[in-house]
Amino acid sequence: MESASGIFYALIARDRETVLVETINAAGNFPQVTRTLLPKLERGVKQSLRYGEYSFFYRDEGRFTFLCLAEAGFPSRAAFVLLEEMRVEFSKLPPQLTEGIDYSLNSKLGNFLRERSVALSGSERSITNAKRELGDVQEIMVQNIDKLLAREERIELLVKKTHSMNIISSNIKRNADQVREAERIKNIKKAGIIALVIAVTFSSPHLTNNRF
């Protein structure tokens with residue numbers, strides 16, 4: 001199996017459980033592993049987590065977590081440049097959009113995450129610029145994944161490099177379908193509540209008598 005190189009996964013999550021946006025350019029089980037990790041991440045820190053041959057990099061900002069995944073040898077400074085760019089771009093959004101459901105921001109930020117991940121992974125010059133941009137930032141703590149996950153929670157992290165956009169397209173379609181279905185259910189619930197209020201209002205004897 002040919003492993004992925006550079007940054008091949010990135011996401012922004014709210015409250016450690018709602019993945020507002022993610023970008024994927026490799027195949028594997030890492031999205032599932034990430035969802036196991038999210039609730040266990042330390043709050044208010046910038047940190048990297050070694051997981052076998054790969055490293056998770058994350059930046060926690062209270063309710064929101066910015067995370068990416070790369071091969072273990074990838075420069076941490078470049079990864080944290082990406083996380084900072086994600087944070088800045090995310091901060092430009094209206095507050096109400098940040099309270100959406102899973103994948104609700106894929107259409108707004110998905111391309112940005114993907115393009116910046118590729119750009120920072122693609123050349124030595126990009127990595128050098130990333131290091132210069134961060135300047136003398138303090139050394140990021142590197143923690144082993146064993147300290148976060150219990151033995152029964154640890155599973156092998158599988159990643160396979162893909163040379164096509166099929167995996168990306170299928171995930172975008174899946175995420176879009178999930179968003180549409182969630183919105184449809186929400187609209188049905190709203191319509192039901194409105195209908196119930198109208199029915200109760202017009203069936204009330206007190207209100208009916210007051211009309212005459």
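Residues numbered from 1 in each chain as written. Predicted model: local features only at pLDDT ≥ 70, side-chain atom pairs only at ≥ 80, totals over all residues. Heavy atoms only, no water.

With that settled, consider the overall build of the chain. The helix and strand tally for the chain stands at 6 helices and 8 strands. Its helices and strands in sequence order give the chain the pattern β-β-β-α-β-β-β-α-α-α-β-β-α-α, from N to C terminus. In the chain, which comprises 212 residues, the proportion classed as buried is 39%. Looking at the chain alone, contacts between residues at least 24 apart form 66% of all its contacts between residues at least 6 apart. (Helix = DSSP H or I, 4+ residues; strand = E, 2+ residues; numbered from the N terminus. Buried < 20%, exposed > 50% of the residue type's maximum accessible area, 1.4 Å probe, protein only. Contact = heavy atoms within 4.5 Å.)

Sheet topology places strand β4 (residues 46-51) next to strand β5 (residues 54-61); 6 bridges connect them, and they run antiparallel. The residue bridging Lys46 from the neighbouring strand is Arg59, located in β5. Between the end of β4 and the start of β5, which pair antiparallel, lie 2 residues, with Gly52 showing a positive phi angle near 60°. (Pairing = 2+ DSSP bridges.)

The backbone of Asp15 sits at a positive phi, close to 55°, despite the residue not being glycine. The residue Asp15 is located in the loop between β1 (7-14) and β2 (18-24) in this model. For Asp15, a relative accessible area of 35% puts it in the partly exposed group. Backbone geometry at Tyr103 places phi at a positive 65°, although glycine is not the residue there. Structurally, Tyr103 is set in the loop between α2 (76-91) and α3 (106-122).

What follows is about the pattern of salt bridges. Applying the stated rule across the entire model yields 11 salt bridges. Each of Arg14, Asp15, Arg63 and Glu99 takes part in salt bridges that share partners, so that together they form one network. (Salt bridge = Lys/Arg side-chain N within 4 Å of Asp/Glu carboxyl O.)

The next thing to look at is the environment of Ala27. Positionally, Ala27 belongs in strand β3 (residues 26-28). In this structure the C-alpha to C-alpha distance between Ala27 and Tyr9, which are 18 residues apart in sequence, comes to 9.9 Å.

Helix length check: α2, at 16 residues, gives a terminal C-alpha distance of 23 Å against a target of 22 Å (1.5 Å per residue), a fit within 8%. Ala78, Ala79, Phe80, Val81, Leu82, Leu83, Glu85, Met86 and Phe90 are the residues of α2 that are buried. (Expected span 1.5 Å × (residues − 1).)

On average, residues of the chain carry a pLDDT of 77, and 64% of them reach 70 or more. For residues 134-140, every residue scores under 50 in pLDDT, and the model assigns this stretch 11 contacts once sequence neighbours within four places are set aside. Under a pLDDT of 50 for its full length, residues 163-169 has, in the predicted model, 9 contacts with residues more than four places off or in other chains. (pLDDT = per-residue confidence, 0-100.)

Its place among the elements puts Asp60 in strand β5. What makes Asp60 buried here is its relative accessible area of 4%. In this structure the side chain of Asp60 is engaged in a polar contact, spanning 3.0 Å, whose partner is the side chain of Arg16. Polar side-chain contacts of Asp60 include one of 2.8 Å to the backbone nitrogen of Gly44. (Polar contact = N/O pair within 3.5 Å; in protein donor to acceptor, adjacent residues only side chain to side chain.)

It is worth spelling out the pairing of strand β6 (residues 64-71) at this point. The two faces of a sheet get side chains in turn, since along a regular strand they alternate between them. Burial of β6 is extensive: 7 of the 8 residues sit out of reach of the surface. Of the pairings in the sheet, the one linking β1 to β6 comprises 7 bridges and is antiparallel in character. Of the residues in β6, the one forming a bridge with Leu11 is Leu67. Here β5 pairs with β6 via 8 bridges, running antiparallel.

If you look at the biggest cluster of nonpolar residues, it comprises 24 residues, and the most contacted ones within it are Cys68, Met86, Phe90 and Leu109. Looking at this core, the elements with two or more residues in it are β1, β2, β6, α2 and α3. If we ignore the near neighbours within four places in the chain, the residues touching Leu109 are Ile12, Val21, Glu89, Phe90 and Leu93. Counting 21 residues, the second-largest nonpolar core is a separate cluster that includes Phe8, Ala13, Ala26 and Phe56. (Core = buried A, V, L, I, M, F, W, Y, C linked by side-chain atoms within 4.5 Å.)

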